[in-house]
Amino acid sequence: MEHIGNHETTCKDDADTRVDVKHIDEENLGTLSVSAIDTNRDMEHTDEQIMDSLTLPAVTKALAINRDGGEQLSGVQLEDLIGMIKNAERNILLLNQARVHALEDLHKILSEKETLQGEINILEMRLTEADAQIKVACQEKIHVELLEDQLEKLRNELIHRGGSGKSELELSQNQNKISNEEVLLARDGRVHSLSKEVDSLKTENLALKNDIQALKSMLSNVKNTDERMITLENERSFLQSSLKELESKLSVSQEDSSNISTLKVECKDLWAKVENLQLLLDKATKQADQAILVLQQNQDLRKKVDKLEESLEEANVFKVSSEKMQQYNELMQQKMKLLEERLQKSDQEIHSYVQLYQESVKEFQDTLDSLIEESKKRASNEPVDDMPWEFWSRLLLTIDGWVLEKKISNTDAKLLRELVWKRDQHICDAYLACKEKNESEAVSTFLRLTSSPASPGLYVVHIAAEMAPVAKVGGLGDVVTGLSKALQKKGHLVEIILPKYDCMQYNRVRDLRALDVTVESYFDGKLFQNKVWVGTVEGLPVYFIEPHHPNKFFWRGQYYGEHDDFKRFSFFSRAALELLLQAGKKPDIIHCHDWQTAFVAPLYWDLYAPKGLNSARICFTCHNFEYQGTASATELASCGLDVPQLNRPDRMQDNSAHDRVNPVKGAIVFSNIVTTVSPTYAQEVRTAEGGRGLHSTLNFHSKKFMGILNGIDTDAWNPTTDIFLKVQYSANELQGKAENKAAMRRHLGLLSADDQQPLVGCITRLVPQKGVHLIRHAIYRTLEMGGQFVLLGSSPVAHIQVNLYCCFVYAKANDGKEDLINKREFEGIANQFQNHEHIRLILKYDESLSHYIYAASDMFIIPSIFEPCGLTQMIAMRYGSVPIARKTGGLNDSVFDVDDDTIPHQFRNGFTFTTPDEQGVNGAFERAFNLYKNNQKSWQQLVRNDMNIDFSWDSSASQYEELYAKSVARARAAAIHT
Ligand code: ADP
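Counting restarts for each chain, with residues numbered from 1 along the sequence as it is written. Totals for whole chains, interfaces and linings use every residue, but because this is a predicted model, local features are given only for residues with pLDDT of at least 70 and side-chain atom pairs only at 80 or more, for both listing and counting. Just so you know, side-chain values use all the structure's heavy atoms and leave hydrogens and water out.

Undergrad: Can you explain the nonpolar core? Please cite residues and give values.
TA: One broad rule of soluble globular proteins: the nonpolar side chains tend to lie buried together. We call a set of buried residues a nonpolar core when its members are Ala, Val, Leu, Ile, Met, Phe, Trp, Tyr or Cys and they connect through side-chain atoms within 4.5 Å of each other. Relative accessible area decides the class of each residue, using a 1.4 Å probe on protein chains only: under 20% of the type maximum gives buried, over 50% gives exposed, and in between gives partly exposed. In terms of nonpolar packing, the biggest core is built from 83 residues, with Ile 463, Met 467, Ile 497, Leu 577, Ile 590, Phe 625 and Leu 636 touching the most fellow members. In terms of residues, this core owes the most to one element, helix H13 (residues 565-582), which gives 9 residues. Contacts: residue pairs with any heavy atoms within 4.5 Å of one another. Those residues in contact with Met 467, other than ones at most four positions away along the chain, are Lys 472, Gly 477, Val 480, Thr 481, Ile 496, Leu 498, Val 537, Leu 540 and Val 542. By size, the runner-up hydrophobic cluster in this structure holds 69 residues, among which are Ile 829, Met 877, Ala 885 and Phe 913. Numbering goes from the N terminus for both helices and strands, where a helix is a DSSP run of H or I of at least four residues and a strand is a run of E of at least two.

Undergrad: Please give an account of the pairing of strand E3 (residues 510-523) that cites residues and values.
TA: In the case of a regular strand, side chains alternate between the two sheet surfaces. In terms of strand pairing, E3 meets strand E4 (residues 526-537) through 9 bridges, oriented antiparallel. What sits directly across from Val 519, in E4, is Asn 530. Any two strands between which DSSP finds at least two bridges are classified as paired. In this structure, the hairpin formed by E3 and E4 is closed by a connection of 2 residues, where Asp 524 is found at a positive phi of approximately 50°.

Undergrad: I'd like a description of the site of the ligand, backed by residues and values.
TA: When at least one non-hydrogen atom of a residue lies within 4 Å of a molecule or strand, that residue is treated as near it. Residues in contact with the ligand amount to 21 residues; listed here are only the nearest, Lys 472, Gly 475, Arg 765, Lys 770 and Tyr 854. Here a polar contact is taken to be a pair of N or O atoms separated by no more than 3.5 Å, where protein atoms must pair a possible hydrogen donor with a possible acceptor and residues adjacent in sequence count only if both atoms sit in side chains. At a separation of 2.8 Å, an oxygen atom of the ligand approaches a polar side-chain atom of Asp 478. Between the ligand and the protein, one listed contact pairs a nitrogen atom with a backbone N or O atom of Lys 844 at 2.9 Å. Each accessible area value is a Shrake-Rupley result obtained with a 1.4 Å probe; residue values ignore everything except the protein chains displayed when judging cover. Within the complex, the protein chains bury 94% of what would otherwise be the 560 Å² of accessible surface of the ligand. Note on residue classes: Ala, Val, Leu, Ile, Met, Phe, Trp, Tyr, Cys and Pro are nonpolar, Asp, Glu, Lys and Arg are charged, and everything else, Gly too, is polar. For the shell around the ligand, a count of residues per class yields 7 nonpolar, 8 polar and 6 charged. Inspection of the shell around the ligand shows a minimum of three residues originating in each of domain 2 (459-707) and domain 3 (734-806 + 821-951). What counts as a domain boundary in this text is fixed by an automatic or database domain assignment.

Undergrad: Would you mind going over the sheet that holds strand E2 (residues 493-499) in detail, with residue names and values included?
TA: Reading across from one edge, E3-E4-E5-E2-E1-E6-E7-E10-E11 is the order of the 9 strands in this open sheet, with mixed pairing throughout. Among the strands making up the open sheet, the edge pair consists of E3 and strand E11 (705-707). The mean inter-strand angle of the sheet, taken between neighbouring strand axes irrespective of direction, is 25°. Pairing of strand E10 (residues 673-676) with E11, which is carried by 3 bridges, proceeds in the parallel orientation. Looking at E11, one finds that Thr 676 is bridged to Gly 707. Each axis is a line fitted through C-alpha atoms, taken for helices only over the stretch in contact, and angles between the N-to-C directions span 0 to 180 degrees. Sitting on the sheet, H13 touches strand E1 (459-463), E2, E3, E4, strand E5 (540-547) and strand E6 (589-593), and the angle it makes with E3 is about 105°.

Undergrad: Explain the side chain of Arg 745 to me, and be specific about the residues and the numbers.
TA: In this fold, Arg 745 is placed in helix H20 (residues 735-748). No salt bridge is formed by the buried Arg 745; its nearest oppositely charged neighbour, Asp 755, is found at 4.7 Å. Excluding its chain neighbours within four sequence positions, the residues that come into contact with Arg 745 are Leu 750, Leu 751, Ser 752, Asp 754, Asp 755, Gln 757 and Gln 788. Neither His nor the chain ends is counted toward charge; the positive residues are Lys and Arg and the negative residues Asp and Glu. By definition, a salt bridge exists where a carboxyl oxygen of Asp or Glu is found within 4 Å of a side-chain nitrogen of Lys or Arg.

Undergrad: Account for the pattern of salt bridges, with residues named and values stated.
TA: Summed over all chains, the structure comprises 26 salt bridges. The salt bridge involving Lys 485 is made with Asp 713; its shortest N-O contact spans 3.1 Å. Of this pair, Lys 485 sits in helix H12 (residues 475-489) while Asp 713 sits in the loop between E11 and H20, and the two are 228 residues apart along the sequence. The salt bridge partner of Arg 972 is Asp 588, with a shortest N-O separation of 3.4 Å. Of this pair, Arg 972 sits in helix H29 (residues 954-977) while Asp 588 sits in the loop between H13 and E6; the two residues are 384 residues apart in sequence, bridging distant segments of the chain. Connected via shared salt-bridge partners are Lys 485, Lys 489, Glu 538, Asp 713 and Asp 715.

Undergrad: Residue-level account of the sheet that holds strand E13 (residues 788-794), with values.
TA: Across the sheet, 6 strands lie side by side as E14-E13-E12-E15-E16-E17; this open sheet has parallel pairing. Both outer strands of the open sheet, strand E14 (839-842) and strand E17 (911-913), are each paired with one neighbouring strand and no more. Across the sheet, the axes of successive neighbouring strands diverge by a mean angle of 15°, strand direction being ignored. The pairing of E13 with E14 spans 4 bridges and is classified as parallel. If you follow Val 790 over to E14, its bridge partner there is Arg 840. Sitting on the sheet, H20 touches strand E12 (759-765), E13 and E14, and the angle it makes with E13 is about 70°.

Undergrad: Could you give me a rundown of H13, with the residues and numbers involved?
TA: Expected helix span is computed as 1.5 Å times (number of residues minus one). Compared with an ideal rise of 1.5 Å per residue, which puts 18 residues at 26 Å, H13 spans 25 Å between its outermost C-alpha atoms and is within 8% of the ideal. The buried fraction of H13 is high, at 15 of 18 residues. At the exit of H13 stands Gly 584, carrying a positive phi of roughly 65°.

Encoded structure:
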C-alpha cells in the first residue's frame, strides 16, 4: 500500500484526480454502491482525460515525428509527451486503486450476505419450533374444549336429575361423577393457563412472522446486492480492460521515450558537429570580414587618393597664382604620400593574406596528394618483381612440405600459396626473416601471415586495473601503457580494457564516448548491465567498463583499498571477458595483470573458451607477489567460478590456508605464459623467502614462467620535451638541468645559495617494501653530509593521505588491510622539517611535481627491501639523476655500481648497496657525495652516460612479442594435430 500513499502525494498536482481518490476513500459500507459507481465514473473520466491528452496536437506531432525519426523534437513537445506518460502512469495507479476498493466492497457485501443468511436460518428454525408448539397447544385446546362440553352436559344432567328424586346409589354415583367433574374443573384452570400460553405463542408467532417478513425484505435486499455485485463485476472487467489499454499505451509511450532519448543523443552529437561547423564558419566569416574590411579600406583610400588627385589638379591650376596654394599643395602632396604609403601597406597585407591562403591550399593539396599516393601504394600491394622464379618455387615447395608433414593446415597452405602466386611482399619478407631461424619459428612466422594477410601482427588485449596516465597508482599503470605503445609500434593490434573509475584523469582520455550497447554480465546469481565507453589514451584504443551494479563498484573515489576489492575486480574480470565475447573479438593474446585481473585466466578456460571465445592464449604478469588478493573460498562463486573445482591444492587454493583461494596462484596455474617484471625478481620469488608462499607453485610451473625487465615510456619521460619542466634539456646541454634545480628549490622554499649543494630526490609509494626506515635514515644522512632532500611520497590508500596530510604514514593495501606503521615517528619528522631550508617532505601523489623532482635532483635514492622491477631508477637516470639503490629485484638488473670491477665501464651507472641497513645506505651515500663534491667532471660524465641509456620498451616489448608468438604458434600447431 506504500505506493498508493505515494501516489496520493503525487496526485496533489492534479485537482480532479485528487477529488476522485478522496471520494473513494471516504465512502462507507452503507453508501458502497454509490461509491463504486462514482469510482467507475471517475475512472472513466480519467480515461477520457488520458485520451484527451493523447490527442493533443503537440504530442501527436511529437509522436509522429518520433516515429518518422525525420524531424527533431522540440523541448515543449518532449515535455508534453513526458507529462502525458506521467498522467497515464498516475491514472493507471488510480484505476488500480479503484479496483482494489471495488474488490474490498465486494468482499464486505459477501460477508454481510453470509451473516444475513445465518440469521435467516436461525429465525426459520425458531419459526418451525414455534409452529410445533402451536400445533401441540391447538391439540390441547381442542381436548380442553371437548372436556368443557362434557362438563356442561354433566351439569345440565345433574340439574335435571335433582328435580325428579333419584336413588341413593344414583346420588352417590352422581356424587362420584361430580367429584370427577371437579377434577375436570381443576383441569379447566390448566386449560385456561394453556389458552393464555397459546395467546402469547400467537403473539410471538405474529412477531416471528413480522421478523420473517423483515428478513425476507432484507433477503430481497441481498438479492439486489447480488445484482449490484454483478454490475460491479462488470465494471471491474471494464476497468481491467481500460487498464490493459492504458498499460499498452504506456509501453508505447515508453518505447517512444526511449526512441526520444536515442534521438536526443543523436541530436546532441549533431549539435556538437553543427557547433564545430559553426565555429569553423565563424572563423571563416571573420577572416572574410577582415579581408572585406581591408578591401573597403583600400577602396576608401583609393577614393581619397582620387579626390586628392582631383584637388591636386585643381590646386595646380591655382598654383602659380597663389603662394598659399603652393603651401596647401605641398601639404596635400605630403598627405598623398602618406596615403599612398598606407595604400601600399594595405596592398601588402592583402598580398600576404592571399599568399598565406595559397600556401595553406598548397599544403592541403600536398597532404592530400601524399595520402592518395600512400593509399594507392597500400591498395596496389605491388608484387615483388626482383626475386627470381626459383625463389618463389622454393617457397612453394617449402609450404607443400609443411602441409605433408602436417605442420600447417590445408587452409593455411592454400592462403600461403596464394601469397606466393601473387609474389606478395609480406611472404617474401617473412621468408628472408626466417633464414636464420629454426623450422618451428619459421612456421609460426608464416602462420602469422595467414591469420591476417594484411597485417602480420598479433591481436593483443590487455585487461588491467591501471593505465598511465588516466588511472595510475604505481608502476603497473606505466607498464600497461608503455608495453602497449611499444607493441603497437611493432605493428600489433593492441586494445586495453579498464574499469571506468570515477576518480580517473578524464582529461587524458580523448574522444571518450559511451557505446550504444550494454554488455550483460553475471554476478552473484544475477545478470547486470555494463555500460561500455571507448576513448583513446596515448594513442591506444581503450574500453572502459561501467557496471550498473547497485554497489557502484568503481564509484568510490579511489582505485584500491575498498572492503570489497575482491568482488569489484572479479566482477570486472568477468565483464571484460563478456565484452570480448559479445563483441565477437578473436584476440590472439589476452594479457592480464596482478591479482585484480588474475581471475581472467580461470574464467577464460572454465567459462569463456567453451562459449566460443577460444582464439586466445592467456598471459599473466605479476608486478608484485606481495599482493595476491586472497579471500575466503566461497567468495569465488560470485563471479561464476566453481568453488569445489578450484579450491584445490593444484588449482586456486591458497598454499597456507585451505579455506582461502588465491587469484595470483589461479592465474599462474591457468595461464599459458606467466611473467614477472625483472629476471632477478623472477629468481627471488622462486625461493621460500621471496615467493610470499607461491614459490612452490612457481617452481612447478617454471617452464612457462620468466622475468622480463620493464621499460619506461620514453615519450612521456623525456627531458627534451617534458612540458612539466621549467626548462627542457638534454645530455649535451646540462645547463637546463641546473636551471630546473634552482627553480625547484625556489618553488619549494629551499635554500638556494649554493649551486653545488647536492639535491637528493625520492619519489615513492610509502609502503614497507620501499624501505621507509632507510628513506628516513637517508634524510638525516643527507643533512649530515651537507645535502638537500626532497621526498614525494604517496599512500596507496587515498583517505589516509587526506586525513594525515602532514604525517609521514604508510599503509599496506594488501587484501584490503591497512597497515599504519611508525606513524608517530614520521609525524615527528614531517613536523620537524616543515620549514626546513634543506628538507622538504611532500606527502601526496603529484604527477607533474614528480617530473620536476626527477629533473631537479642530482641523486635519487631507492633503498627498497624488495623491488620487482622499479621504474623510478630508470626515469631518474633518463633525467640525469644518479641512482643510489639497493641490489634487489629489478634494481639489480638496471643499476650497476660505478666501482664494480666485474661490470664493463660503459654499463656502470649508479651506486648500489647489498644489505638493507643504515651501513649499506651510508656506504653508497658517502661514495656518491664524494664523487659529486670532489670530481664534478666525472660526475657530469656519469650524468650524461645515464641520460643516454636506452630504457625504452623496445627490447622488453620484443621479448613479450616472442613469448606471445611462440605460444600462439604452439596453439595453432596443436590445433592442426588434433
Ligand atoms: P611501484 O609500482 O611499486 O609503485 P615503481 O617504481 O615500479 O613502483 O613505479 C612507481 C611509479 O609511480 C613511477 O612512475 C613514479 O614516478 C610514480 N610515483 C610513485 N609515487 C608517486 C607520487 N607520490 N607522486 C607521483 N608519482 C609517483
